[in-house]
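# Secondary and tertiary structure notes
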Amino acid sequence: MPLNHLKLLTNMKTKTFKQIGLMLCMVASTIIISCNKEEAMDSTKIIGTWGCVGSQEYYYICYNGSNPNETESTDRHKGTVLTIKDDGTYTVSKEIYPFEDRGGSWMIDGNILLINNGHDSITVHTLSNNSLVLKYNHITRNYSYEERIDKTLEFSRQ
């Protein structure tokens, strides 16, 4: 085979290989993007009366490098009733921080439940016709202390 034909064949293989590689990268990018896309939650599903059937809490606070105060509790909020109304308000039978005991406002943004005019946000971990699992995480750090709250609240539709 003449040298020119060999170079042409090598260039064609290289070009084809690069094109296939580029196509594979594009396909992989599309798959990754579509897998990461969160589906919009149907906010009407959250409307209703929910009874707390379980809770786990972790609270940590440390002042100026002193020994930290850590507290863990389970099922402290069991039996508390949360009512989420279609008018954008909620009530709760007793305080479950960050829900205020006197009630407040709510809205859904993706899978985040914003309460009290967006002051606090809670991740809606699970939402079905009969089950609601909320996760709340909050960290505050400044020059004098560090505070961390991790909370999981499990509800069943009443």
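The present account deals with the structure reproduced in this document. Everything numeric here is computed off the predicted structure, so don't read it as measured data.

Turning our attention to the layout of surface pockets. The probe, sized like a water molecule, is rolled over the atoms to show the empty space still left. Counted as a void, the largest pocket has a volume near 170 Å³. As for the largest pocket, its lining consists of Glu57, Tyr58, Tyr59, Thr71, Glu72, Ser73, Arg76, Glu95, Tyr97, Ile149, Asp150 and Lys151. When residues of the lining of the largest pocket are traced back to their parent elements, those giving at least two are strand 1 (48-63), strand 2 (69-74) and strand 9 (145-157).

Considering the arrangement of structural elements, one finds His77 in the loop between strand 2 and strand 3 (81-84). For His77, a relative accessible area of 2% puts it in the buried group. Those residues in contact with His77 that lie beyond four places of it in its chain are Cys52, Ser55, Glu57, Glu95, Ile96, Lys151 and Leu153.

Bridge count for strand 7 (residues 120-127) against strand 8 (residues 131-141) is 4 bridges, and the pairing is antiparallel. Each residue of the ladder has a partner; that of Val124, found in strand 8, is Leu134. Here strand 7 folds back onto strand 8, and the loop between the two strands holds 3 residues. Sheet analysis places strand 8 next to strand 9, joined by 11 bridges and oriented antiparallel.

What follows concerns the environment of Glu100. Along the chain, the position of Glu100 falls in the loop between strand 4 (89-92) and strand 5 (104-109). In this structure Glu100 comes out as partly exposed when scored by relative accessible area, which is 24%. Put simply, Glu100 and Ile115 are 15 residues apart on the chain and 9.2 Å apart in space, counted from C-alpha to C-alpha. Excluding residues that lie within four positions of it along the chain, Glu100 makes contacts with Tyr90, Val92 and Asn116. At 2.9 Å, the side chain of Glu100 and the side chain of Arg102 are in polar contact.

Let us now look at the pattern of salt bridges. Under the definition given, this model contains 5 salt bridges. For Glu100, the salt bridge goes to Arg102, with nearest N and O atoms at 2.9 Å. Among the salt bridges present, the one from Asp150 reaches Arg148, with a minimum N-O distance of 2.7 Å. Overall, the relative accessible area of 17% leaves Asp150 in the buried class. Connected through salt bridges with shared partners, the residues Glu57, Arg76 and Lys151 form a single ionic network.

This part takes up unusual backbone geometry. With an omega dihedral of 15°, the bond running from Tyr97 to Pro98 counts as a cis peptide bond. Secondary-structure assignment places Pro98 in the loop between strand 4 and strand 5. Here Asp75, not a glycine, exhibits a phi torsion of approximately 60°, which is positive. Among the secondary structure elements, Asp75 is positioned in the loop between strand 2 and strand 3.

This structure, assessed with the given rule, holds 3 aromatic pairs. On the numbers, 5.9 Å between centres and 45° between planes, the contact of Tyr63 with Tyr145 is tilted. Placement of the pair is Tyr63 in strand 1 and Tyr145 in strand 9, with a sequence separation of 82 residues. Classification of Tyr145 by relative accessible area gives partly exposed; the value is 24%. Summarising the aromatic geometry, the rings of Tyr97 and Tyr136 are spaced 5.8 Å apart at their centres and angled 85° between planes, so their arrangement reads as edge-to-face.

Parameters and conventions
Every residue gets a number counted from 1 within its own chain, in the order that chain's sequence is written. pLDDT decides what is reported in this predicted model: residues at 70 or higher carry local features, side-chain atom pairs at 80 or more are listed and counted, and totals for whole chains, interfaces and linings draw on all residues regardless. Excluded from the side-chain calculation are hydrogens and water; included are all heavy atoms of the structure. Cavities and pockets were defined on a 1 Å grid built from protein atoms only: a cavity is a group of points that admits a 1.4 Å probe but offers it no way out, a pocket is an open group of points flanked by protein on both sides within 12 Å along at least five of seven lines, and a lining residue is one with an atom within 4 Å of any such point. Grid points are joined across faces, edges and corners, and a volume is the space filled by probe spheres set on the points. Going along the chain from the N terminus, every DSSP run of H or I of four or more residues is numbered as a helix, and every run of E of two or more is numbered as a strand. Only protein chains enter the accessibility calculation, which uses a 1.4 Å probe; a residue whose area is less than 20% of its type maximum is buried, one above 50% is exposed, and one in between is partly exposed. Residue contacts are counted whenever heavy atoms from the two residues lie within 4.5 Å of one another. In this description, strands pair whenever DSSP reports at least two bridges between them. Definition of a polar contact: a pair of N or O atoms within 3.5 Å, with one able to donate and the other able to accept a hydrogen when the atoms are protein atoms, and with sequence-neighbouring residues admitted only if both atoms are side-chain atoms. Just to be clear on terms, a salt bridge is a Lys or Arg side-chain nitrogen sitting within 4 Å of an Asp or Glu carboxyl oxygen. We call Phe, Tyr and Trp rings a pair once their centres come within 6.5 Å, taking the six-membered ring for Trp, and we label the pair stacked below 30 degrees between planes, edge-to-face above 60, and tilted otherwise.

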